[in-house]
Amino acid sequence: MSIKIENLTHIYNPSSPFETTALDNISFEVTEGEFIGLIGHTGSGKSTLIQHLNGLLKPTKGKILINQVDITSKDVKLQDIRKNVGLVFQYPEHQLFEETVYKDIAFGPANLGLNEEEIKARVVEAMDLVRLPFQELRDRSPFELSGGQRRRVAIAGVLAMKPNILILDEPTAGLDPKGRDEILEQIKSLHQQVQNTVILVSHSMEDIAKLVDRIIVMHKGKVSLIGKPTQVFKEVEVLESIGLGIPQITYLMKMLKENNIKLREDILTIEEAKAEIINWIRGNKNA
Amino acid sequence: MLKDITIGQFYPTGSFIHELDPRTKILITFAYIVGLFIVSSFISYGIVALFVLGCIFVSKIPVKYMLKGLKPLRVIIIITFIINIFMTSGTIIYSLGPLNVTVEGLYQGTFMAFRLVFLVVGTSLLTLTTSPIALTDGIENLLNPLKPIGIPAHELAMMMTIALRFIPTLLEETDKIMKAQMARGADFESGNIINRAKSLVPLLVPLFISAFRRADELAMAMEARCYRGGDNRTRMKQLVIQKNDIISMAVMGMFIAILIYVRIR
Ligand SMILES: Nc1ncnc2c1ncn2[C@@H]1O[C@H](COP(=O)(O)OP(=O)(O)OP(=O)(O)O)[C@@H](O)[C@H]1O
Ligand SMILES: [Mg+2]
């Protein structure tokens, strides 16, 4: 499913002393099956933006088209949109409420009106996706799990609805490095399997650099950069001026290049960099 | 949804009224409430209306914003109005089965509705112009003389501060959890009463859990900073009565005097 945002503006508490323009005339498009990284400093409007994509927030101005359908128009049923657009909130573990892990994950699918069998199949599948052992945890209370496990339960609760567009708001905030990598890895592999459209919100360039097709950089309610990771990382000055910076490995490659060491520039991961540098050393020896 | 609740919200403008000592404002508000009960004619209401409008003007709070605060109460006001219309005996002008509309009822209903409106507008003026912290400071200070007879002034004030402080936080949290459940297909808006009550479970459970967690964390943080109740605590900001406070109280005294005069005239 594709997403198109046209001149979207959102103002919180309009005409009061607490008025804040959280989104300021934003426009961009996401094509079907794309993996997008949405990045920006605290308060840049990321969470506000994604809440518009399934109709939780209404724009002050502008349009949101999901598969060419304007979801801000009155005849659109929001339930239908929410079926298609799955949103995992920041700190989603705070939304858990059921007595058992199974029931909590089943909440979304049950709201879709599926039958028992289908619901069970989906819970099993979703728990597997986030690497939670089904038999062991299905009857446990979500409140006696660890923070990381609770996060996974909450993510599974949205995955079980099988949304065509999956949006995750900082799914890895506050997790340990291993948990973080695992969750990102699972999101990526799910994306590769089913080719859904994914929007991943993050603070960390490191995290999203190697995962996404395109990066959208937000700053003070505006889109300041948009493009492939390698393109975006060329704008080091812009990124630094808004307090973001680029992955360390990209810095390294840039510095090597400035010292006249000819290496590929579009390198995003340590593994790639290693291969490239070793290659270069070998090449030098032979010459 | 929840954004419309403005009762108890602070609206900073830095006006003359905002700068007054909280104690002055609390006392004036009490006097005002008493004043409202002295009122017995629409002429007096005219005076009250002028006074309230004057205060709103001085406070620089938009009238529109004040009226928005009345919105959630319109049901109560309308019910009061209707009950009074039907429940007062007197000259009947219209009959609806066993119910009679009387002239006196109409008069009484309008009267009570106005009283409620003025009550809400006047008291919300207090909370709109006084930050929660200043307000509880004022209350604590006013209650202090009652300490010897066993009124825990400081504890009461602290409880109020905390409660007031967490109202917006809890509203925000409610909003967030509601959205998260709506994203999972929860429906809070349609269905019959039983279904609606059921649909609140996914909202209330996480809300209570987070409220308890917050309470726990707050208690811990206060202990960690050696909070031991009110004895020997000093304050960063001392409350002082100034010239403006005296003027305000004088104005209020005049207002009450006029109301009494109109009443016994
Ligand atoms: N419910 C709300 N009411 C009023 N203002 C809000 C609300 N939510 C967000 N804002 C304001 O809107 C702006 C954008 O907030 P938003 O939550 O979208 O930022 P963000 O990019 O998600 O930040 P973070 O990385 O910290 O999550 C901020 O200035 C914030 O103060
Ligand atoms: Mg956010």
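Residues numbered from 1 in each chain as written. Chains lettered and ligands numbered in written order. Predicted model: local features only at pLDDT ≥ 70, side-chain atom pairs only at ≥ 80, totals over all residues. Heavy atoms only, no water.

J.: Which parts of the structure should I look at to understand the pattern of salt bridges?
T.: A side chain with one charge may pair with a side chain of the opposite charge, provided their charged atoms come close. All names here are of chain A. Enumeration over the complete set of coordinates arrives at 20 salt bridges over all chains. The salt bridge partner of Asp 181 is Arg 180, with a shortest N-O separation of 3.6 Å. Assessed through its relative accessible area of 28%, Arg 180 is described here as partly exposed. With a shortest N-O distance of 3.5 Å, Arg 180 and Asp 207 are connected by a salt bridge. Linking Arg 180 in helix H7 (residues 177-194) with Asp 207 in helix H8 (residues 205-209), this pair joins segments that are 27 residues apart in sequence. Overall, the relative accessible area of 9% leaves Asp 207 in the buried class. Through salt bridges that share partners, Arg 152, Lys 178 and Glu 182 make up one connected network. (Salt bridge = Lys/Arg side-chain N within 4 Å of Asp/Glu carboxyl O. Buried < 20%, exposed > 50% of the residue type's maximum accessible area, 1.4 Å probe, protein only. Helix = DSSP H or I, 4+ residues; strand = E, 2+ residues; numbered from the N terminus.)

J.: Explain the packing of aromatic side chains here, please?
T.: Centre-to-centre distance and the angle between the planes together describe a pair of aromatic rings. All names here are of chain B. Counted according to the given criterion, the structure contains 16 aromatic pairs over all chains. Ring centres 6.1 Å apart and planes at 55° place the aromatic pair Phe 42 and Tyr 45 in the tilted group. Remark: Tyr 45 and Phe 42 occur in helix H3 (residues 42-59); sequence separation between them is three residues, near one turn of the helix. Classification of Tyr 45 by relative accessible area gives buried; the value is 3%. (Phe/Tyr/Trp six-rings, centres within 6.5 Å; stacked < 30°, edge-to-face > 60°.)

J.: Any chance you could explain the coordination of the magnesium ion (ligand 2) here in plain terms?
T.: Looking at the magnesium ion (ligand 2), the protein donor atoms are Ser 47 of chain A (OG) and Gln 90 of chain A (OE1), and they sit 1.9 to 2.6 Å from it. Of this pair, Ser 47 of chain A sits in helix H1 (residues 46-52) while Gln 90 of chain A sits in the loop between strand E6 (85-88) and helix H3 (101-111); the two residues are 43 residues apart in sequence, bridging distant segments of the chain. (Donors = N, O, S within 2.8 Å, 3.2 Å for Na, K, Ca; no water.)

J.: Just checking my understanding: could you explain the sheet that holds strand E10 (residues 222-227) of chain A for this structure?
T.: Strand pairing within a sheet occurs via backbone hydrogen bonds; the two strands may be parallel or antiparallel. Residues and elements named next belong to chain A. An order of E6-E7-E8-E3-E9-E10 is seen for the six strands of this open sheet, with the pairing classed as mixed. Edge positions in the open sheet fall to E6 and E10, since each of these has one partner strand only. If you compare each strand with its neighbour and ignore which way they point, the axes differ by 15° on average. Pairing of E6 with strand E7 (residues 165-169), which is carried by four bridges, proceeds in the parallel orientation. Bridge pairing in E7 places Leu 87 opposite Ile 167. (Pairing = 2+ DSSP bridges. Axes fitted to C-alpha atoms, helices over the stretch in contact; angles between N-to-C directions.)

J.: Just to check I follow, could you spell out the domain arrangement of chain B for this structure?
T.: Interfaces are frequently sized by the accessible area removed from exposure as the parts join. What the domain assignment lists for chain B is domain 1 (1-130 + 237-265) and domain 2 (153-233). Look at where the C-alpha atoms of domain 1 of chain B and domain 2 of chain B centre, and you get two points 30 Å apart. (Domains from an automatic or database assignment.)

J.: Would you mind going over the domain arrangement of chain A with me for this structure?
T.: Residue and element names in this part refer to chain A. Entries for chain A in the domain assignment read domain 1 (3-229) and domain 2 (247-287). Taken over C-alpha atoms, the centre of domain 1 sits 35 Å from the centre of domain 2. Taken together, the contact pairs five residues of domain 1 with four residues of domain 2. Buried surface at the junction of domain 1 and domain 2, summed over both partners, amounts to about 380 Å²; 77% is from carbon and sulfur atoms. Summed over the three residues of domain 1 that lose the most area to domain 2, namely Glu 206, Ala 209 and Lys 210, the buried surface amounts to 75% of that side. Connecting domain 1 to domain 2 are zero salt bridges. The interface formed by domain 1 and domain 2 includes one residue pair in polar contact (both at pLDDT 80 or more). With three residues, the top contributor of residues to the side of domain 1 that touches domain 2 is H8. Each residue belonging to the side of domain 1 that touches domain 2 can be placed in one class, and the counts come to three nonpolar, no polar and two charged. (Contact = heavy atoms within 4.5 Å. Buried area = accessible area lost by both parts, 1.4 Å probe. Polar contact = N/O pair within 3.5 Å; in protein donor to acceptor, adjacent residues only side chain to side chain. Nonpolar A, V, L, I, M, F, W, Y, C, P; charged D, E, K, R; others polar.)

J.: When you look at the interface of chain A and chain B in this model, what are you seeing that I'm missing?
T.: Residue-level contacts link 25 residues of chain A with 23 residues of chain B. The interface formed by chain A and chain B includes one salt bridge. With a closest N to O distance of 3.0 Å, Arg 184 of chain B and Asp 104 of chain A form a salt bridge. Run the count over chain A and chain B and you get four residue pairs in polar contact (both at pLDDT 80 or more). Those elements giving two or more residues to the side of chain A that touches chain B turn out to be helix H2 (78-84), H3 and helix H6 (147-159) of chain A. Tallied by class, residues from the side of chain A that touches chain B come to twelve nonpolar, eleven polar and two charged.

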